[in-house]
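Chain and residue survey
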Amino acid sequence: MKKINRRSFLAVCGAAAAAGALAACGGSSSSSTAASTASSASSTASSVASSAAEAANDLSSLSGTVATGGSTSMNSVIEALTEGFAEVAPGVTISYDPTGSGAGITGAVEQTLDIGLASRALHDDETGVTATTVALDGIAMVVNNENTVSDLSIDQLAQIFRKEITNWADVGGEDGEIVVIGREAGSGTRDGFESIVGVEDACVYDQELTATGAVISAVASNKLAIGYASLSAVGDTVKTLTVEGVECSEATVLDGTYKVQRPFNFITNDSAELSEAAQAFIDFAVSPDAAELIRLAGAVPLVDAE
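Residues numbered from 1 in each chain as written. Predicted model: local features only at pLDDT ≥ 70, side-chain atom pairs only at ≥ 80, totals over all residues. Heavy atoms only, no water.

The name recorded for the protein chain in an unreviewed UniProt entry is Phosphate ABC transporter substrate-binding protein, from Candidatus Faecalibacterium gallistercoris. As its UniProt record puts it under Sequence similarities (unreviewed entry), the protein chain is described as follows: "Belongs to the PstS family." Its UniProt record, at the heading Subunit (unreviewed entry), says of the protein chain: "The complex is composed of two ATP-binding proteins (PstB), two transmembrane proteins (PstC and PstA) and a solute-binding protein (PstS)." (UniProt positions renumbered as here; feature names shortened; annotations may be inferred.)

Here is the structure:
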């Protein structure tokens, strides 16, 4: 598929305009040079316009299905990207099965999915597949809205999730036994949180739930609970803590000052050739055209919108 972006097109138009101005100001020699430059620019502009039209036609004429599945934390992002892609490629159907990051990676490995979705980096033993990061996500630490605690350090989080700190009074809150809520084994959110905080295989959970929304609901209904959830999924039903004084936001995730963050990845099989529709969807997801869609879905795009 041929690609053309707005910046390239404007650059060509600028060259043509400059050549025209030179022709108007110069004598015979400069006019000859300008005429040659203008002719070259005009030819290039025509080629650019032709490529742009061809690229648009390629997308609008695409058809087929693209099977995606995996991370539940990527729900809002994949829905936004799917809706945006439908505007430029209405003949392509994107399916999404929210089964968890581990299942998304397995689906890519076993080729039952065109694109696996994983809200974590690949492990060393997950070979034969490639991860393409489409966005970043902060893992927000959430407590009940009635909780008086507002900030925790990475070390305090580690101690709480290992059950070394068991009472909110020990971290500046009101007396009450801390209820630790997290995701199930294989969850990208759990993997991301545990690896960042340094508590892999050491967490002691009171509840292990199978979806981001379930964690948020459980914390919202229990004033002694703490959990973690994708920033893109957090609303006003729970309270978001700062970590070491830094709030979880798009700006702090992008500049790296918020420490509990992870990538949103598209996982593809190295030995299987992607369909034209699947490749087009990936190209769209990492392009400036998708940046605002990703932002509105609550995640952090890696490129700026044009």
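Taking burial as the measure, the 15 residues of strand β4 (residues 129-143) include eleven buried ones, the bulk of the element. When β4 meets strand β11 (residues 261-269), the two strands line up antiparallel, connected through nine bridges. Along β11, the bridge assignment pairs Gly138 with Gln261. One ladder, built from two bridges, connects β4 with strand β12 (residues 300-301); its direction is antiparallel. In the sheet register, Ala135 faces β12, and the bridge partner there is Pro301. Summarising the sheet, β4 and strand β8 (residues 225-230) pair through five bridges and their orientation is antiparallel. (Buried < 20%, exposed > 50% of the residue type's maximum accessible area, 1.4 Å probe, protein only. Helix = DSSP H or I, 4+ residues; strand = E, 2+ residues; numbered from the N terminus. Pairing = 2+ DSSP bridges.)

Below, the discussion takes up the side chain of Ser71. Along the chain, Ser71 turns up in the loop between β1 (64-70) and α3 (75-88). What makes Ser71 buried here is its relative accessible area of 1%.

Attention now moves to the layout of surface pockets. Estimates place the volume of the second largest pocket at around 220 Å³. Along the walls of the second largest pocket sit 14 residues, with Gly186, Arg190, Asp191, Glu194 and Asp201 positioned nearest its centre. Looking at side-chain class alone, the lining of the second largest pocket contains four nonpolar, four polar and six charged residues. (1 Å grid on protein atoms, 1.4 Å probe; cavity = no way out; pocket = protein on both sides within 12 Å on 5 of 7 lines; lining within 4 Å. Points joined across faces, edges and corners; volume = space filled by probe spheres on them. Nonpolar A, V, L, I, M, F, W, Y, C, P; charged D, E, K, R; others polar.)

Along the polypeptide, Gly69 turns up in strand β1. By relative accessible area, which is 0% here, Gly69 ends up buried. Once residues within four sequence positions are removed from consideration, Gly69 is found in contact with Tyr96, Asp97, Thr99, Gly104, Leu113, Ile115, Gly116 and Leu117. (Contact = heavy atoms within 4.5 Å.)

The contact between α3 and helix α9 (residues 276-285) brings their axes to 10 Å, and the two run at 110°. Relative to α9, α3 is oriented roughly perpendicular. The two elements α3 and α9 cross, and the hand of that crossing is right-handed. Facing Ile78, Leu81, Thr82, Gly84 and Phe85 of α3, the residues of α9 in contact are Ala277, Ala280, Phe281, Phe284 and Ala285. Along the lines of polarity and charge, the residues of the contact of α3 with α9 split into eight nonpolar, two polar and no charged. (Axes fitted to C-alpha atoms, helices over the stretch in contact; angles between N-to-C directions. Parallel < 35°, antiparallel > 145°, perpendicular 65-115°, else oblique. Left-handed = near helix turned anticlockwise from the far one by under 90°.)

Structurally, Asp155 is set in helix α5 (residues 154-161). The partly exposed category is assigned to Asp155, whose relative accessible area is 48%. With 89 residues separating them along the chain, Asp155 and Glu244 place their C-alpha atoms 9.5 Å apart. Here Gln159 takes part through its side chain, which lies 2.8 Å from a polar atom of the side chain of Asp155. (Polar contact = N/O pair within 3.5 Å; in protein donor to acceptor, adjacent residues only side chain to side chain.)

Right, let's talk about the pairing of strand β6 (residues 179-183) for a bit. Within β6, five of the five residues are buried, which leaves the element mostly enclosed by the surrounding structure. Summarising the sheet, β6 and strand β7 (residues 207-209) pair through three bridges and their orientation is parallel. If you follow Arg183 over to β7, its bridge partner there is Leu209.

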